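Structural description and commentary
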Amino acid sequence: QVQLVESGGGSVQAGGSLRLSCAASGGTSRYYYMAWFRQAPGKEREGVGCLNIGTGFTYVADSVKGRFTISRDSAKNILYLQMNSLKAEDTAMYYCAARVEGLPGSCTVPSWYNYWGQGTQVTVSS
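Within each chain, residues carry numbers counting from 1 in the order of the written sequence. With pLDDT at 70 or above as the cut-off, local features in this predicted model cover only qualifying residues; side-chain atom pairs require 80 or more to be listed or tallied, and sums for whole chains, interfaces and linings still use all residues. Side-chain measures here rest on the full set of heavy atoms in the structure, leaving out hydrogens and waters.

A count of helical and extended segments in the protein gives 0 helices and 11 strands. Each helix is a run of DSSP H or I of at least 4 residues and each strand a run of E of at least 2, with the numbering of both proceeding from the N terminus. From first element to last, N terminus to C terminus, the protein shows the α and β order β-β-β-β-β-β-β-β-β-β-β. Taken over C-alpha atoms, the radius of gyration comes to 14 Å for the protein, in line with the 14 Å a tight globule of 126 residues would show. Taken along the three principal axes of its C-alpha coordinates, the protein extends 40 × 25 × 25 Å. Categorising residues by exposure relies on relative accessible area from a 1.4 Å probe, with only protein chains included: less than 20% of the type maximum marks a residue as buried, more than 50% marks it as exposed, and the intermediate range marks it as partly exposed. Relative to its 126 residues, the protein shows a buried fraction of 42%. Calculation of accessible area relied on Shrake-Rupley with a 1.4 Å probe; when residues are assessed, cover is drawn exclusively from the protein chains displayed. As displayed, the protein has an accessible area near 6400 Å², and 47% of this comes from carbon and sulfur atoms. Atoms considered for the radius of gyration are the C-alpha atoms alone. The globule rule reads 2.2 Å times the number of residues to the power 0.38.

Written out as structure tokens, the structure is:
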């Protein structure tokens, strides 16, 4: 029933910007956290940022702090990742995730999430 659909990925030059979107549907009133992860070839999935639906708390990883911001349009049920000052190291597949029904855990741990989007590729050239 829960579905996450991502968009906004593409190719960009170093120093440029992209905004990723994740449209959520199916029982959105039960969502607890939403998050962005990324995974480059040969590397583990890495937490980029997360947002608590109830409180509005946001967290971003140190590797992207000051460059990326996470936000949500509650009326449209869309999660955003604004990416500025992009670097070649940011090249990865970016995934949207949602935790439905709250339990103790870390919002940056992939195994904690119930649902995932299909991923959208971000490629940064230098």
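This paragraph deals with the pairing of strand β8 (residues 78-83). Counting buried residues along β8, 5 of its 6 residues qualify, which places the element largely inside the surrounding structure. A strand pair is defined by DSSP finding two or more bridges across the two strands. Where strand β3 (residues 18-25) meets β8, 6 bridges bridge the pair, whose relative direction is antiparallel. The partner of leucine 20 across the bridge, within β8, is leucine 81. Strand direction decides the pairing type here: strand β7 (residues 68-73) and β8, joined by 6 bridges, are antiparallel. Bridge pairing in β8 links serine 71 to tyrosine 80. Between β7 and β8, which pair antiparallel and follow one another directly, the connecting turn spans 4 residues, one of which, asparagine 77, has a positive phi of 55°.

On their own, these measurements won't tell you what the molecule is for.
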